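Chain and residue survey
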Amino acid sequence: MEDGDGDKALRKIGEAFKEIASAVNSQTVDIEVAPFSHACSLVSPLFGCLGIAFKFAEMDYVAKVNDLAKTSSSISTLSALLDHDIEGNCVRKAGSNSRNLLRVKRGLDMVRVLFEHMLASDDNSLRNPASTAYAEVLAPHHGWAIRKAVAAGMYVLPTKAQLLARLNEDEATARIQMQNYINASAPVILYINKLFLTRELGIDW
Ligand code: 1PZ
């Protein structure tokens, strides 16, 4: 059997976030750093399916997810992670756990909005859905140089058909998996926003 990088990646992402979402929805347990960072790490193979243009985005995302994963050995929940940085007065400091969490959350939201736009159009080009999602979710937080690099990358994206082939999905299975991720990630993203907002840390930095 041919196992590409992206083999079953979409299904794995959807399933992992479904587990996190059910913890969120139960409203009885705090989200733990270890399963959360593991679910986030499953998103990384998607970058590989985009070609080399977004290698810099992959490196940034993977480094932040790895830092969160390492933190899970000393801090068990996402809420404790924020409280720990509040105590250390380093919430917004470059490389802090809180800052990494906010960045990674934005990456998850980027993928969610991208999938929504992909499902809403039958265009075979990814440029429109990807540019729109980027403009909505990440661009407001990026400086000129990064926005320019991303804009250039949009011209060398694979087509949707190429992306789905690399992920070993067809149109029908991909739709189901993307919808699963959209449904599961939405409450997780809201939950993380709430963790920041209830502590008056803001989410627009
Ligand atoms: C068809 C799919 C097209 C996808 C296009 C994705 C474009 C994402 C571009 C992101 C560039 C990130 C470059 C590095 C940015 C960093 O300056 C910031 C701040 O980091 P800090 O100062 O705190 O260290 N990092 C981020 O904003 C995190 C970005 C995560 C990007 C994840 C995107 C996931 C897209 C996956 C698509 C399958």
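Structure shown above.
Numbering of residues starts from 1 in every chain and runs along the sequence as written. It should be noted that, the model being predicted, local features are given only for residues of pLDDT at least 70 and side-chain atom pairs only at 80 or more, the latter also being counted only at that level, while totals for whole chains, interfaces and linings use all residues. Side-chain calculation: all heavy atoms of the structure are included, whereas hydrogens and water are not.

**Some remarks on the pattern of salt bridges**
Salt bridges, as used here, are contacts in which a Lys or Arg side-chain nitrogen is within 4 Å of a carboxyl oxygen on Asp or Glu. With the rule as written, the count across this model stands at 9 salt bridges. Here Glu15 and Arg11 are joined by a salt bridge, their closest N and O atoms 3.2 Å apart. Taken together, the positions of Glu15 and Arg11, both in helix H1 (residues 9–26) and 4 residues apart, correspond to about one turn of that helix. Each residue gets one of three labels from its accessible area relative to the maximum for its type: buried under 20%, exposed over 50%, partly exposed in between, using a 1.4 Å probe on protein chains only. Look at Glu15 and you get partly exposed, because its relative accessible area is 43%. For Arg11, a relative accessible area of 32% gives the class partly exposed. Here Glu116 ties to Arg112 by a salt bridge, and the two come within 3.3 Å at their closest N and O atoms. Of this pair, Glu116 and Arg112 are both found in helix H6 (residues 97–120), 4 residues apart, which corresponds to roughly one turn of the helix. Via salt bridges that share partners, Asp109, Arg112 and Glu116 belong to a single interconnected network. Numbered from the N terminus, helices here are DSSP runs of H or I no shorter than four residues, and strands are runs of E no shorter than two.

**Focus on the site of the ligand**
The local shell around the ligand holds 22 residues, among which Asp60, Lys64, Arg99, Arg103 and His142 are the closest. Side-chain atoms alone can form a polar contact between residues adjacent in sequence; in general such a contact is a pair of N or O atoms within 3.5 Å, and within protein one must be able to donate a hydrogen while the other accepts it. Measuring from an oxygen atom of the ligand, one finds a side-chain N or O atom of Arg99 at 2.7 Å. Within the side chain of His142, one N or O atom sits 2.8 Å away from an oxygen atom of the ligand. Taken by itself the ligand offers 850 Å² of open surface, and the protein chains cover 89% of this. Within the residue set of the shell around the ligand, elements represented by two or more residues are helix H3 (44–48), helix H4 (55–71), H6 and helix H8 (144–153). Residue contributions to the shell around the ligand peak at 6 residues, all from H6. Of the residues in the shell around the ligand, the class split is 16 nonpolar, 2 polar and 4 charged. Whether a residue is near a molecule or strand is decided by its heavy atoms; if any one of them lies within 4 Å of it, the residue is near. Per-residue and other accessible areas follow the Shrake-Rupley method at a 1.4 Å probe size, with only the shown protein chains counted as cover for residues. Polarity classes work like this: nonpolar for Ala, Val, Leu, Ile, Met, Phe, Trp, Tyr, Cys and Pro, charged for Asp, Glu, Lys and Arg, and polar for all others, with Gly in that last group.

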